[in-house]
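Now for the letters of each chain:
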Amino acid sequence: GGPAERDRTYHQGTVWPWLSGPYVSALLRAHGERGRRRAREHLAGFAGHLCDAGIGTISEIYDATAPHNAHGCFATAWSV
């Protein structure tokens with residue numbers, strides 16, 4: 001869609017990877033060793049993307065549904 005349509009949908013169904021930090025912290029605090037395994041699995045999902053756009057970076061946002069394509073800025077400090 002055009003700019004107006006994209007602006008309206010920016011926060012609807014968008015995945016913000018910077019929230020992985022607080023999510024991983026919660027997993028570790030709430031679930032101990034099981035949380036550590038789940039955190040590793042979650043973070044491993046980003047491994048393939050680290051070479052996609054900006055090498056060693058994580059994009060600003062992702063689609064909520066598979067294949068979870070990256071969008072927005074190709075690198076954001078809060079996500080990395």
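Residues numbered from 1 in each chain as written. Predicted model: local features only at pLDDT ≥ 70, side-chain atom pairs only at ≥ 80, totals over all residues. Heavy atoms only, no water.

**Points about the packing of aromatic side chains**
- Under the definition given, this model contains one aromatic pair.
- With a centroid separation of 6.0 Å and 70° between ring planes, the pair formed by Phe 46 and Tyr 62 is classed as edge-to-face. Within this pair, whereas Phe 46 is found in the loop between helix 2 (20–44) and strand 2 (61–63), its partner Tyr 62 is found in strand 2, the two being separated by 16 residues in sequence. The burial state of Phe 46 is the same as that of Tyr 62; both residues are buried. (Phe/Tyr/Trp six-rings, centres within 6.5 Å; stacked < 30°, edge-to-face > 60°. Helix = DSSP H or I, 4+ residues; strand = E, 2+ residues; numbered from the N terminus. Buried < 20%, exposed > 50% of the residue type's maximum accessible area, 1.4 Å probe, protein only.)

**Section: the pattern of salt bridges**
- The tally for this structure, following the rule as stated, stands at one salt bridge.
- Residues Glu 33 and Arg 36 are paired through a salt bridge, measuring 3.2 Å at the closest nitrogen-oxygen approach. Linking Glu 33 with Arg 36, this pair stays in helix 2, spanning three residues, or about one helical turn.
- Accessibility expressed as a relative area gives 44% for Glu 33, which makes it partly exposed. (Salt bridge = Lys/Arg side-chain N within 4 Å of Asp/Glu carboxyl O.)

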